[in-house]
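# Descriptive structure summary
Read off the chains here:
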Amino acid sequence: MREMFCVSVGGAHAGLVTTVFIVTLFAAIGGTVWALIVSGEVALWFTVALIAVVGGGRRGWVAVKRAYLVTFGWAGWL
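Read on for a plain summary of the structure.

Basis of the calculations
- Residues numbered from 1 in each chain as written.
- Predicted model: local features only at pLDDT ≥ 70, side-chain atom pairs only at ≥ 80, totals over all residues.
- Heavy atoms only, no water.
- Helix = DSSP H or I, 4+ residues; strand = E, 2+ residues; numbered from the N terminus.
- Polar contact = N/O pair within 3.5 Å; in protein donor to acceptor, adjacent residues only side chain to side chain.
- Contact = heavy atoms within 4.5 Å.
- Axes fitted to C-alpha atoms, helices over the stretch in contact; angles between N-to-C directions.
- Parallel < 35°, antiparallel > 145°, perpendicular 65-115°, else oblique.
- Nonpolar A, V, L, I, M, F, W, Y, C, P; charged D, E, K, R; others polar.
- Expected span 1.5 Å × (residues − 1).
- Buried < 20%, exposed > 50% of the residue type's maximum accessible area, 1.4 Å probe, protein only.
- Arc of directions from axis to C-beta.
- Left-handed = near helix turned anticlockwise from the far one by under 90°.

A few words on the side chain of Thr 19. Following the sequence through the fold, Thr 19 ends up in helix α1 (residues 9–29). From its side chain, Thr 19 meets the backbone oxygen of Gly 15 in a polar contact 2.7 Å long. Aside from chain neighbours lying at most four places away, what touches Thr 19 is Val 42, Phe 72 and Trp 74.

This part covers the environment of Val 9. In this fold, Val 9 is placed in helix α1. Note: C-alpha distance between Val 9 and Lys 65 (56 residues apart in sequence) is 8.6 Å. Every residue in contact with Val 9, bar those within four places of it in the chain, is listed here: Lys 65 and Leu 69.

Turning our eyes to something else, we now look at the packing of α1 against helix α2 (residues 32–55). The contact between α1 and α2 brings their axes to 7 Å, and the two run at 155 degrees. Taken together, the axis directions place α1 and α2 in an arrangement best described as roughly antiparallel. Residues Thr 19, Val 23, Phe 26 and Ala 27 of α1 lie in contact with α2, whose contacting residues are Thr 32, Trp 34, Ala 35, Val 38, Ser 39 and Val 42. Taken together, the residues that form the contact of α1 with α2 break down as 7 nonpolar, 3 polar and no charged.

Glancing now at α1. With 21 residues, α1 should reach 30 Å at 1.5 Å per residue; the first-to-last C-alpha distance of 30 Å fits that figure. The complete set of buried residues in α1 reads Gly 11, Ala 12, Gly 15, Thr 19 and Val 23. Axial view of α1: buried residues confined to an arc of 115 degrees, hence all on one face. With respect to the buried face of α1, the exposed residues turned more than 90 degrees away are Val 17, Phe 21, Ala 28 and Ile 29. Close packing links the buried residues of α1 with α2 and α3 (60–72). Note on α1: the residue one or two positions beyond its end, Gly 31, has a positive phi of about 100 degrees.

This brings us to the packing of α1 against α3. Two elements in contact, α1 and α3, have axes whose closest approach is 8 Å; the angle formed by their N-to-C orientations is 60 degrees. Of the possible angle classes, the one that applies to α1 and α3 is oblique. Relative to α3, α1 is oriented so that their crossing is left-handed. Here α1 contributes Val 9, Gly 11, Ala 12, His 13, Gly 15, Leu 16 and Thr 19 to the contact with α3, which in turn contributes Lys 65, Tyr 68, Leu 69 and Phe 72. When grouped by side-chain class, the residues that make up the contact of α1 with α3 number 6 nonpolar, 4 polar and 1 charged.

Remember, this is a structural readout, not a statement about activity or role.
This is how it looks when you write it as structure tokens:
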């Protein structure tokens, strides 16, 4: 079970690229307002993840890396 939920930095980078692509599509198709809404939601999710990680005792770049993995690591499962 633990291996199934394991995420990697490579998967997180792929998630970031996919997210940027989707936000760009929203900007091209739906306009700037929709791109800002979607990117704002992603930023909110990262902020919530960072607060949770810091609350769990992590600090500095380790906390940022964990929040990055939580936010964008989903692409490793694709």
